[in-house]
Amino acid sequence: PIEQETTVMTPFRYLITASSLSVMIFASDAAAQKKPAKPAPTKPPVTTIAPLDVRTAREKVEIQRDNVNGFADRLTPIAQSIETLEKAYIEKRMSPQQAAKHEATKAQFVGILRNIRNDLTMLESEFRTKPTLQKYLPNVKGVTDMALSAENEAIAGRFTASMKPLRDIVIKLTDALAVIPK
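Just so it is clear, the model here is predicted, and its values are computed rather than measured. (Residues numbered from 1 in each chain as written. Predicted model: local features only at pLDDT ≥ 70, side-chain atom pairs only at ≥ 80, totals over all residues. Heavy atoms only, no water.)

### Quick word on unusual backbone geometry
Look at K92: it is not a glycine, yet its phi comes out positive at around 60°. Its location among the elements puts K92 in the loop between α2 (52-90) and α3 (96-129). (Helix = DSSP H or I, 4+ residues; strand = E, 2+ residues; numbered from the N terminus.)

Shown next, in the form of structure tokens:
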């Protein structure tokens, strides 16, 4: 009976061994077959963000440009009326109260231009002192001098002429914004 068992079991052993080997061979063949490589997903282009100092300075330039432009728009008709009243003032066709009001208006006008100059001085100074902004300094340099020129024109009684330097400042700051990254 034991001999009989071994003779019956022997073919089963061969069959099990053969099937195990064939499964291992096919499994290794399947693992060896490589799937075609998928192309790497394309990454969206990386946009570089300017340093915080540069972005902040850009905002300040934009604010100053808008401020100067707004003042130039509002001050132009005032400058024209001051010059018209100045002729009457020189010809002494004003009452003392009107003359005092006229002088106060002129002083206020010059004061506005002085404040614009002070703000632009701080802006230009920031570009001079911060290393990350110094490469943009040539684009902003000179706006303080232009504001001083506008102030001097007004002090000299040429109120309408004082608007030209303000317009030049707006142009210079607009050009600077084209160069300074966002």
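Next, the rest of the story.
### Details of the packing of α3 against helix α6 (residues 163-179)
Two elements in contact, α3 and α6, have axes separated by 12 Å at closest approach and are oriented at 25°. Comparing their axes, α6 and α3 come out roughly parallel. The two elements α3 and α6 cross, and the hand of that crossing is left-handed. The segment α3 lies against α6, with F109, L113, I116, L120 and L123 engaging M163, L166, I169 and L173. Tallied by class, residues from the contact of α3 with α6 come to 9 nonpolar, no polar and no charged. (Axes fitted to C-alpha atoms, helices over the stretch in contact; angles between N-to-C directions. Parallel < 35°, antiparallel > 145°, perpendicular 65-115°, else oblique. Left-handed = near helix turned anticlockwise from the far one by under 90°. Contact = heavy atoms within 4.5 Å. Nonpolar A, V, L, I, M, F, W, Y, C, P; charged D, E, K, R; others polar.)

### Structural notes on the nonpolar core
If you look at the biggest cluster of nonpolar residues, it comprises 33 residues, and the most contacted ones within it are V61, F109, L120, F127, L166 and I169. Those elements that provide at least two residues to this core are α2, α3, α4 (137-140), α5 (143-155) and α6. Residue contacts for L120: discarding those within four places in its chain leaves Q64, V68, V143, T144, A147, I169 and L173. (Core = buried A, V, L, I, M, F, W, Y, C linked by side-chain atoms within 4.5 Å. Buried < 20%, exposed > 50% of the residue type's maximum accessible area, 1.4 Å probe, protein only.)

### Details of the side chain of E86
In this structure, E86 sits in helix α2. Among the residues examined, E86 registers a relative accessible area of 16% and is labelled buried. Separated by 3.1 Å, the side chains of E86 and K106 make a polar contact. The contact partners of E86, leaving out residues within four places of it in the chain, are H102 and K106. (Polar contact = N/O pair within 3.5 Å; in protein donor to acceptor, adjacent residues only side chain to side chain.)

### Quick notes on the environment of P165
Within the fold, P165 resides in helix α6. Overall, the relative accessible area of 9% leaves P165 in the buried class. Along the sequence, P165 and D145 sit 20 residues apart, while their C-alpha atoms lie 9.1 Å from each other. If near-sequence neighbours (up to four positions away) are discounted, P165 is found in contact with M146, S149 and A150.

### Quick notes on the packing of aromatic side chains
Here the structure, examined in full by the defined rule, presents 1 aromatic pair. Arranged with centres 5.2 Å apart and planes meeting at 85°, the rings of F109 and F159 form a pair that is edge-to-face. Of this pair, F109 sits in helix α3 while F159 is found in the loop between α5 and α6, placing the two residues 50 residues apart along the sequence. Look at F159 and you get buried, because its relative accessible area is 2%. The ring of F71 has R74 sitting right over it, with the charged end atom 5.1 Å from the ring centre. (Phe/Tyr/Trp six-rings, centres within 6.5 Å; stacked < 30°, edge-to-face > 60°. Lys NZ or Arg CZ within 6 Å of the ring centre and 35° of its normal.)

### Notes on the pattern of salt bridges
Oppositely charged side chains are able to pair whenever their charged atoms sit close together. Evaluated as defined, the whole model comprises 12 salt bridges. Where D73 meets R167, a salt bridge forms, and the shortest distance between an N and an O atom there is 2.9 Å. Separated by 94 residues along the polypeptide, D73 in helix α2 and R167 in helix α6 bring together distant segments of the chain. D73 gets classed as partly exposed once you look at its relative accessible area, which sits at 43%. Accessibility expressed as a relative area gives 31% for R167, which makes it partly exposed. In this structure, K106 and E86 form a salt bridge, with 3.1 Å as the shortest nitrogen-oxygen distance. Of this pair, K106 sits in helix α3 while E86 sits in helix α2, and the two are 20 residues apart along the sequence. Judged by its relative accessible area of 14%, K106 falls in the buried class. Through salt bridges with shared partners, a single network forms among K60, E126 and K130. (Salt bridge = Lys/Arg side-chain N within 4 Å of Asp/Glu carboxyl O.)

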